[in-house]
Amino acid sequence: MTGSIVHQGQLLVHIAENGHSFELDCNENTLVESVMRSIQSVTGINFGDQLVLCLDMKLESQRPLSAYKLPSDEREVFIFNKARLQNNSPVPPPEQVDIPSHLEPPLPASSHDPHPLDDASDPALKALPSYERQFRYHYHQGHVIYTGTMMKYEHCERLLREQMVQERAVEVARGNLDQYYRMINQNYGDFMKRYMQQHRMHSDLLVNFGKDVEKLRSIKLHPALQTANRKCLLDLVKEENLRKSVENCTSSHKQFENKVSQFKQTFGEVKRRAEELLSSRDFLPIKNLEQAIKEHQRYINEQKSIMQSLRLVLFHFQLFFMCSLLLTKSLMLMYILILCWNPFL
């Protein structure tokens, strides 16, 4: 179903990829997981591929609807198919619109639609049934066209409603993206601040290692602590092991620096795309489309008026033929009565 009116104990769920809507019977104790399972059964979207949003909140499957103040006629739930959100994912299949082809009414023929005046002796009366059949044929042709037009118009209204759902889904997704982007942007800023402090400190340690070694070498131990192999502070540690550790730290420091550089580049691309999406407001020309459909309503009204007029004319046609037939029978009956009254005529 497609609509926006929610009754008590029902949850209105929209599918973002096609604008279809479903009303599910549930209450505040129903788990979000149950809603997702129901949607999987009617739409085929896998449970693990469903992203459930309401306003700017992501609904967690293990929590009840009451945690999100649902069900409510003031809140809509949108389900996104994660498989459709990938860059290389195929587009959704086109919407199926079933419009039967025009069923032409059968051509008028006296053999299929006999009329009492077909055998009238007066040529003018005999021609009247043919006129009636032809007019009735044109009327049925018009009715077929009008019915087809109404079906197409109803499909247009339905597709418009679904596009309006998709427009609202984009707004909900944009709100969720904005919230999530602000969070990761804050985390990124905190990380980079901490990283720069650590990077500067580690870089200073590595750059000054040689100087620090010389300082340790220059500081002599107290004579009471000196031995043949221990004359300065540097002799208290294994210099070779220190230099190997410095080499390893320098390599790790460079690798981590490269990783952070890649991370900065990736985040820069994410930031660019996120801000581009958040600043983009033009999605679908819904207002123009809605206005165009409303403007075409007048053509429906014109066709309806024409069909009402044709129906009235057809009624008068049939009434006229009936009167003509009755009049013909009345004249024949009068002639018979006259003959019976005066047989010498």
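Residues numbered from 1 in each chain as written. Predicted model: local features only at pLDDT ≥ 70, side-chain atom pairs only at ≥ 80, totals over all residues. Heavy atoms only, no water.

A. Fine view of the confidence of the model for the protein chain. Residues at a pLDDT of 70 or more form 81% of the protein chain, whose mean pLDDT is 83. At the low end of the mean pLDDT range in the protein chain sits helix α6 (residues 297–341), at 67; at the high end sits strand β5 (residues 77–81), at 96. Considering only residues more than four positions removed or in separate chains, one finds that residues 1–7, a stretch of pLDDT under 50, has 18 contacts. (pLDDT = per-residue confidence, 0-100. Helix = DSSP H or I, 4+ residues; strand = E, 2+ residues; numbered from the N terminus. Contact = heavy atoms within 4.5 Å.)

B. Structural context of the pattern of salt bridges. Inspection of the entire model under this criterion finds 14 salt bridges. The shortest N-O distance in the salt bridge between Arg-84 and Glu-17 comes to 3.6 Å. Here Arg-84, found in the loop between β5 and α2 (123–207), pairs with Glu-17, found in the loop between β1 (10–15) and β2 (21–25); they are 67 residues apart in sequence, far enough to count as distant. In this structure, Glu-239 engages Arg-217 in a salt bridge whose closest nitrogen and oxygen atoms are separated by 3.4 Å. Of the two residues, Glu-239 sits in helix α4 (residues 239–279) while Arg-217 sits in helix α3 (residues 209–218), which places them 22 residues apart along the sequence. (Salt bridge = Lys/Arg side-chain N within 4 Å of Asp/Glu carboxyl O.)

C. Fine view of the nonpolar core. Formed by 19 residues in total, the largest nonpolar core has its most connected members in Leu-11, Val-13, Ile-39 and Leu-70. Looking at this core, the elements that each hand over two or more residues are β1, β2, α1 (32–43), β3 (50–54) and β5. For this core, the element with the highest residue contribution is α1, accounting for four residues. In contact with Leu-70, other than residues within four places in its own chain, are Leu-11, Glu-28, Cys-54, Leu-59, Leu-65, Arg-75 and Val-77. Ala-16, Leu-51, Val-165 and Ala-169 belong to the second-largest nonpolar core, a separate cluster that totals eight residues. (Core = buried A, V, L, I, M, F, W, Y, C linked by side-chain atoms within 4.5 Å. Buried < 20%, exposed > 50% of the residue type's maximum accessible area, 1.4 Å probe, protein only.)

D. A look at the sheet that holds strand β4 (residues 57–58). One open sheet accounts for five strands, arranged β2-β1-β5-β3-β4; its pairing is mixed. With partners counted over all chains shown, the strands left at the sheet margins are β2 and β4, one partner each. In terms of strand pairing, β1 meets β2 through five bridges, oriented antiparallel. Considered in β2, the bridge of Val-13 is made with Phe-22. Across the sheet, α1 lies against β1, β2, β3 and β5, angled at about 130° from β2, the strand it touches most. (Pairing = 2+ DSSP bridges. Axes fitted to C-alpha atoms, helices over the stretch in contact; angles between N-to-C directions.)

E. Main features of unusual backbone geometry. At the junction of Leu-70 and Pro-71, the peptide bond is cis and its omega measures out at -5° in the coordinates. Along the polypeptide, Pro-71 turns up in the loop between β4 and β5. A positive phi angle is found at Leu-55, which is not glycine, with a value near 55°. As for its placement among the helices and strands, Leu-55 is situated in the loop between β3 and β4. The residue Lys-69 is not glycine, and still its phi comes out positive at about 60°. Mapping Lys-69 onto the fold places it in the loop between β4 and β5.

F. View of the pairing of β5. With five of its five residues buried, β5 lies for the most part within the structure. Of the two faces of β5, the one holding Val-77, Ile-79 and Asn-81 and the one holding Phe-78 and Phe-80 are both buried throughout. When β1 meets β5, the two strands line up parallel, connected through three bridges. Along β5, the bridge assignment pairs Ile-15 with Ile-79. Across four bridges, the pairing between β3 and β5 is antiparallel. Bridging across to β5, Leu-51 finds its partner in Phe-80.

G. Structural view of a nonpolar patch on the surface. On the surface, a nonpolar cluster with roughly 270 Å² of combined accessible area is contributed by Phe-191, Phe-256 and Phe-263. Assignment of secondary structure puts Phe-263 in helix α4. Note on Phe-263: relative accessible area 35%, which makes it partly exposed. (Patch = residues over 30% accessible without salt bridge, like charges linked within 9 Å, V, L, I, M, F, W, Y side chains within 5 Å. Areas by Shrake-Rupley, 256 points an atom, 1.4 Å probe, with all protein chains shown as cover.)

H. Geometry of the pairing of β1. Summarising burial for β1: six of the six residues are buried, a large majority. Neither face of β1 is exposed, since Gln-10, Leu-12 and His-14 on one face and Leu-11, Val-13 and Ile-15 on the opposite face are all buried. Linking two consecutive strands that pair antiparallel, namely β1 and β2, is a turn of five residues; a positive phi of about 80° is found at Gly-19 within it.

I. Spatial organisation of α4. Helix length check: α4, at 41 residues, gives a terminal C-alpha distance of 58 Å against a target of 60 Å (1.5 Å per residue), a fit within 8%. All buried positions along α4 are accounted for by Val-246, His-253, Val-260, Phe-267, Ala-274 and Leu-278. (Expected span 1.5 Å × (residues − 1).)

J. The arrangement of helix α5 (residues 286–295) in detail. All of the buried residues in α5 are Ile-286, Glu-290 and Ile-293. End-on, the buried residues of α5 take up no more than an arc of 65°, which puts them together on one face. In α5, the exposed positions angled more than 90 degrees off the buried face are occupied by Lys-287 and Asn-288. (Arc of directions from axis to C-beta.)

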